[in-house]
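Examining the three-dimensional arrangement
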Amino acid sequence: MSSVPDGKKLVRSPSGLRMIPENGAFNSPFSLDEPQWVPDKEVRRLTAKCYLKWLHTSAKLSSTVNISLPCPRCMQCDTKFDFIRRKHHCRRCGRCFCDKCCSKKVALPRMCFVDPVRQCAECSLVSQKELEFYDKQLKVLLGGGTFVVTLGTSDKSETMTCRLSNNHRYLFLDGESHFEVELSRISSMQILTDGTSPGGGTSRASGMLLHYKPMGSEDAQQLQMEAAEDKKVASLWLAAMHKAAKLLHEARDQ
C-alpha cells in the first residue's frame, strides 16, 4: 500500500490495483464494494423443492434457503474445471467461470480499479454501459448548469449554477447565496419535462424536484430547479443527473 497526493491511496487487492480515498468516509456515492470471491465453493440459492430433492428427504420447507455446494464447474457454461481449464473470478460479481466465459477485461471505475479487469459476459455489458456515464455524463455534471432554484414552498427563487463536487458527494448551488446538498441524503428525485422537443420525439428535461435532509436535520426539505437561460445545457445536465440517480440507487441497494 502506498500513499499518493489528493487524499487517495493505491491498494492491491486480489482483483487488482485500486485507487481509493484515504478516508473511506469520502468514497464516491456511485462506488460499489468489491465482491467476495467464490473460493472453492459457492452459495447457491435453491427452492425448497430442489433442496428436498438434493437431500433425499421428505421434510417440508416453505422458503428459499442458502446451502454451500462445491463449485467444480463454470457457473455459465458448466464446463468442469481441471488442470487445463482453470477457474477465473469475475471482479464485479465474484463468481467463478472458465476462461471462455470470463475473458473480457473492462474498465470498472465504480470499484476504483486502475486498469481494466476480468469480468463475465453479463457484468462486462453492465460495466461498458456505465462507462458512458463516467466518460461523458459525469463531465457534464461537474461542469454544471444554470437553474432557477426554489427552496421549500417559498415564493422566492434564485438563479444559481448547480454542479457536482469533484468528489461526487455533493451538489453545489451558487448564486447570490451558496448551499450544498449531500447526495447520500437525497430521499427522492424527479426529473421534470416540458413535454416538447425540437423536431418532435422524446420530451426534453426542463427541471428537477428533489427531497433531501439538510445536514443536522431529519426533516426532509424540497428543492425545485427549473432550467434558466441556456436550456440545452441545463437539459443535458438533468439527463446526466437522471443517470446518476440510477447509479445511486444501485449503490444503496448493494
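Residues numbered from 1 in each chain as written. Predicted model: local features only at pLDDT ≥ 70, side-chain atom pairs only at ≥ 80, totals over all residues. Heavy atoms only, no water.

**Section: the overall build of the protein chain**
For clarity, the threshold we go by: Only DSSP runs of H or I covering at least 4 residues are called helices, and only runs of E covering at least 2 are called strands; the numbering of each starts at the N terminus. Three labels apply to residues, based on accessible area from a 1.4 Å probe with only protein chains included: buried if under 20% of the type maximum, exposed if over 50%, partly exposed otherwise in between.
Within the protein chain, the regular secondary structure consists of 3 helices and 16 strands. By the burial criterion, 37% of the 254 residues in the protein chain qualify as buried.

**Topic: the nonpolar core**
Put simply, the test is: The criterion is simple. A nonpolar core is a set of buried Ala, Val, Leu, Ile, Met, Phe, Trp, Tyr and Cys residues joined through side-chain atoms within 4.5 Å. Whether two residues touch is decided by their heavy atoms; if any such pair falls within 4.5 Å, the residues are in contact.
Membership of the largest hydrophobic core comes to 31 residues, with the highest contact counts inside it found for Phe30, Leu171, Leu173, Leu223, Met225 and Trp237. For this core, the secondary structure elements donating two or more residues are α2 (121-143), β10 (145-151), β11 (157-164), β12 (170-174), β13 (178-182), β15 (205-212), β16 (221-227) and α3 (231-252). Residue contacts for Leu171: discarding those within four places in its chain leaves Cys162, Arg163, Leu164, Phe179, Glu180, Val181, Leu183, Leu210, Trp237 and Met241. In terms of nonpolar packing, the next biggest core, distinct from the first, is built from 12 residues, Phe97, Cys102, Cys120 and Cys123 among them.

**Some details on the environment of Arg12**
Along the chain, Arg12 turns up in strand β2 (residues 8-13). You can call Arg12 exposed: its relative accessible area is 67%. The spatial distance from the C-alpha of Arg12 to the C-alpha of Phe113 is 9.6 Å, given a sequence separation of 101 residues.

**Things to note about α2**
Worth spelling out the cut-off: Here, expected helix span is obtained from the residue count minus one, scaled by 1.5 Å. Bend is the name given here to the angle between axes fitted to two runs of seven residues, the run ending at a residue and the run starting at it.
Between its first and last C-alpha atoms α2 spans 33 Å; for 23 residues at 1.5 Å apiece the expected length is 33 Å, and the two agree. Of all the bends in α2, the largest measures some 40° and sits at Gln137. Within α2, the full set of buried residues consists of Cys123, Ser124, Ser127, Glu130, Phe133, Tyr134, Leu138 and Leu141.

**A closer look at the confidence of the model for the protein chain**
Under the convention used in this document: Per-residue confidence from the predictor is given as pLDDT, running between 0 and 100.
For the protein chain, per-residue confidence averages 83 on the pLDDT scale, and 81% of positions sit at 70 or higher. Within the model, pLDDT remains below 50 along residues 1-5, and this stretch shows 11 contacts once partners closer than five positions in the same chain are excluded. Segment residues 42-48 is flagged for pLDDT under 50; beyond a separation of four residues in sequence, or across chains, it makes 24 contacts in the model.

**A few points about the pairing of β12**
Looking along a regular strand, one sees side chains alternate from face to face of the sheet. Inclusion rule: Between any two strands, pairing holds if DSSP finds at least two bridges.
Most of β12 is tucked away, with 4 of its 5 residues classed as buried. Counting the residues in the hairpin turn of β11 and β12 gives 5 residues, including His168, whose phi is positive at 70°. Relative to β13, β12 runs antiparallel, the two sharing 5 bridges. Bridge pairing links Tyr170 to Glu182 in β13. Between β12 and β13, which follow one another and run antiparallel, lie 3 residues.

**Regarding the environment of Phe133**
Residue placement: Phe133 occurs in helix α2. Considering only alpha carbons, one finds Phe133 and Met241, 108 residues apart in sequence, at a separation of 9.8 Å. If we ignore the near neighbours within four places in the chain, the residues touching Phe133 are Phe30, Leu138, Leu141, Ala240, Lys243, Ala244 and Leu247.

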